[in-house]
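The primary structure of each chain is shown beneath.
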Amino acid sequence: MAQREAIFPTGRHALYEAHGYSAAIRSGELLFVSGQVGSRSDGTPEPDFRRQVVLAFDNLRATLEAGGCSFDDIVDVTTFHTDPQNQFETIMAIKNQIFDAPPYPNWTAIGVNWLAGFDFEIKVIARIPEKA
């Protein structure tokens, strides 16, 4: 049975500790990343929507790197949106900069009515690359 190992990005462990969950869990060859939001360093939401999405991807990058992964290792993405119809164009422009060539990861987008003060959240599953 694979052991679970908690993963935390540098400097953000206290935010996860305060809410009682891990930024990511490494299990076997997979990294399961909790939903990442566009929070500033103190954990509060970035008020500008575009910047909030950029920060969510920045926070995701930091968590992936802490687990030995990159965006290229992502196999599955789930995003949560408080106003998908009006937000999708902004999200897609940022997403297309990060995932700019095939093969693209699986992607599921879900409209929600509450994200604890945020308007966008992204969670992923990544395959941890073998060490060379």
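Structural data are supplied above this passage.
If you're wondering where the values come from, they're calculated on a predicted model, not measured in any experiment. Per chain, the residues get numbers from 1 upward, laid out in the order the sequence is written. Local features in a predicted model are, by the rule used here, given only for residues with pLDDT of at least 70; side-chain atom pairs are given and counted only at 80 or more, and totals for whole chains, interfaces and linings are based on all residues. Just so you know, side-chain values use all the structure's heavy atoms and leave hydrogens and water out.

Just checking my understanding: could you explain the pattern of salt bridges for this structure?
Pairs can form between side chains of opposite charge whenever their charged atoms are close. For this document, the term salt bridge refers to a Lys or Arg side-chain nitrogen within 4 Å of an Asp or Glu carboxyl oxygen. Applying the stated criterion across every chain, the model contains three salt bridges. Notably, a salt bridge pairs Glu5 with Arg26, separated by 3.5 Å at the nearest N-O pair. Taken together, the residues span a long stretch of sequence, with Glu5 in strand S1 (residues 4-7) and Arg26 in strand S2 (residues 24-27) at a distance of 21 residues. Look at Glu5 and you get partly exposed, because its relative accessible area is 37%. Exposure categories follow from relative accessible area, calculated using a 1.4 Å probe and restricted to protein chains: below 20% of the type maximum is buried, above 50% is exposed, and the middle band is partly exposed. In this structure Arg26 comes out as partly exposed when scored by relative accessible area, which is 22%. One salt bridge connects Asp58 with Arg61, and the closest N-O pair in it is separated by 3.3 Å. Of the two residues, Asp58 and Arg61 both sit in helix H2 (residues 49-66), three residues apart, roughly one turn of that helix. Only DSSP runs of H or I with at least four residues qualify as helices, and only runs of E with at least two residues qualify as strands; both kinds are numbered from the N terminus onward.

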